[in-house]
Amino acid sequence: MGFAHNNVLHANHFRKDWQRRVRTWFDQPGRKLRRRNARKAKAATLGVRPLSLLRPAVRGQTVRYNRKIREGRGFTFAELKEAGINRKEAKGVGIVVDHRRRNLSEEGKKLNVERLKAYKEKLIVFPRKASKPKKGDSTGDDLKAETTRAVPALPDPYVHEAPRKITDEERSFEAYKTLRTARADARYAGARKVRAAKVRSHSSGRGLFHSPALHPLQKEEEEANKKK
């Protein structure tokens, strides 16, 4: 190690007691086993209920991830209303409700309404007393049907098409030019509307521009030119 110029001399400490500052993870296999046993115990206490709650299918944030579908916090009031589920009863049957979320597209709303309806069709509500079932409880052969404790998987929002040849119309389509034209039309729509209104008013005889009055010297000059 060389020394040059008027710099600070090195004071490297190579004899620290580093063994006391190392964090170990030797209990990882034991923790794994405890977590697995805890999941089994929780599943046993839940009885026949689903292992997880039903959540909506939402888009990821930002342009980078919005093509992906993920689970959201909860369903909106509009989605529950269209699916025919009471918002107060939803939590009792394993459906999460989010009062903050809003539907920004009809496609996203339709996707979650179909998800709720599919869940509702497969839902089996066991009565507390088999002899006295309440309103909304399952009865008859529904109680003997085969059950699953997994919630429905997230739907695929994309309609996959079979491979085909590109048509001449698609090949000649100019996407960039179309987008720029649409953007310009939207930007100048107001100015063009005002201009068209002015042209209509002028053509109908209202609001015609009149030439300003001529100066007396200009009048004399015009008369002199006419005489010539």
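To keep things clear, this report deals only with the structure shown in the data block. (Residues numbered from 1 in each chain as written. Predicted model: local features only at pLDDT ≥ 70, side-chain atom pairs only at ≥ 80, totals over all residues. Heavy atoms only, no water.)

**A word on unusual backbone geometry**
The phi dihedral of Thr-62 falls on the positive side, at around 70°, and the residue is not glycine. Secondary-structure assignment places Thr-62 in helix H2 (residues 62–65). For Thr-62, a relative accessible area of 54% puts it in the exposed group. (Helix = DSSP H or I, 4+ residues; strand = E, 2+ residues; numbered from the N terminus. Buried < 20%, exposed > 50% of the residue type's maximum accessible area, 1.4 Å probe, protein only.)

**Some details on the nonpolar core**
In terms of nonpolar packing, the biggest core is built from eleven residues, these being Leu-54, Phe-75, Leu-80, Ala-83, Ile-85, Ala-90, Ile-95, Val-113, Leu-116, Tyr-119 and Val-151. Mapped by element, the contributors of at least two residues to this core are helix H3 (77–83) and helix H5 (106–122). Among the elements that take part in this core, H5 stands out by supplying three residues, more than any other. Setting aside its immediate chain neighbours within four residues, Leu-80 contacts Phe-75, Ile-85, Arg-87, Ala-90, Ile-95, Val-97 and Leu-116. (Core = buried A, V, L, I, M, F, W, Y, C linked by side-chain atoms within 4.5 Å. Contact = heavy atoms within 4.5 Å.)

**Quick notes on the environment of Glu-114**
With respect to the element layout, Glu-114 can be found in helix H5. The sequence separation of Glu-114 and Pro-155 amounts to 41 residues, and the corresponding C-alpha distance is 9.6 Å.

**Details of a positive patch on the surface**
Among the surface-exposed residues, Lys-32, Arg-34, Arg-35, Arg-36, Arg-39 and Lys-40 lie close enough to one another that they form a single positively charged patch. By secondary structure assignment, the location of Arg-36 is in helix H1 (residues 28–46). For Arg-36, a relative accessible area of 48% gives the class partly exposed. (Patch = residues over 30% accessible without salt bridge, like charges linked within 9 Å, V, L, I, M, F, W, Y side chains within 5 Å. Areas by Shrake-Rupley, 256 points an atom, 1.4 Å probe, with all protein chains shown as cover. Salt bridge = Lys/Arg side-chain N within 4 Å of Asp/Glu carboxyl O. Lys, Arg positive; Asp, Glu negative; His and termini not counted. Charge placed at Lys NZ, Arg CZ, Asp CG, Glu CD.)

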